[in-house]
Amino acid sequence: PARGLEIYRQVSLPMPAPAAALLAEGRIPVVAAFSPRSALRFARAARDAGWPLGGVTLVSLSAAADAAHDAPEPGRRVLAAHPGREGMIAALAGI
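Residues numbered from 1 in each chain as written. Predicted model: local features only at pLDDT ≥ 70, side-chain atom pairs only at ≥ 80, totals over all residues. Heavy atoms only, no water.

Enquirer: An account of the pairing of strand β3 (residues 76-79) is requested, with residue identities and associated values reported.
Expert: As paired elements, strand β2 (residues 57-60) and β3 share 4 bridges and run parallel to each other. Looking across to β3, one finds that Thr57 is bridged to Arg76. Read as a crossover between parallel neighbours, the route from β2 over helix α3 (residues 63-68) to β3 is right-handed. (Pairing = 2+ DSSP bridges. Helix = DSSP H or I, 4+ residues; strand = E, 2+ residues; numbered from the N terminus. Right-handed = clockwise from strand over helix to strand, strands pointing away.)

Enquirer: Describe the pattern of salt bridges, and please don't skip the residues or the numbers.
Expert: Counted according to the given criterion, the structure contains 5 salt bridges. In this structure, Glu25 engages Arg27 in a salt bridge whose closest nitrogen and oxygen atoms are separated by 2.8 Å. Residue classification places Arg27 among the exposed residues on the basis of a relative accessible area of 55%. For Glu73, the salt bridge identified is with Arg77, shortest N-O distance 2.8 Å. Residue class for Glu73 comes out exposed when judged on its relative accessible area of 52%. With relative accessibility at 28%, the residue Arg77 sits in the partly exposed group. Residues participating in the shared-partner salt-bridge network are Asp66, Glu73 and Arg77. (Salt bridge = Lys/Arg side-chain N within 4 Å of Asp/Glu carboxyl O. Buried < 20%, exposed > 50% of the residue type's maximum accessible area, 1.4 Å probe, protein only.)

Enquirer: How would you explain the sheet that holds strand β1 (residues 30-33) if you had to name every residue and give the values?
Expert: The strand order across the open sheet built from 3 strands is β1-β2-β3, with neighbouring strands paired in parallel fashion. The open sheet has two edge strands with one neighbour each: β1 and β3. Across the sheet, the axes of successive neighbouring strands diverge by a mean angle of 20°, strand direction being ignored. For β1 and β2, the ladder comprises 4 bridges, and the chain directions are parallel. Across the sheet, Val30 pairs through a bridge with Thr57, a residue of β2. On top of the sheet, helix α4 (residues 85-93) reaches β1, β2 and β3; it is set at about 160° to β2, its chief contact. (Axes fitted to C-alpha atoms, helices over the stretch in contact; angles between N-to-C directions. Contact = heavy atoms within 4.5 Å.)

Rendered as structure tokens:
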């Protein structure tokens, strides 16, 4: 029989105050979503705080990460052509 073993754990931390202030002022132009979980957590934080994302480009590593960002709507969405380091670098370089 197999036994459970935790080999990876992601602990969510609150948005640092300086970053939250910049988001509230609309001064963050790019947000990168590397996983559905992080995209969902950012979307919830943005919705709860009322951050204006109209000027933000959301760059997602995968379609799943992009879909997880359910609100508020960013000004632009960019999806990496290939999920992985090279795909994300190319997506970020293309904006």
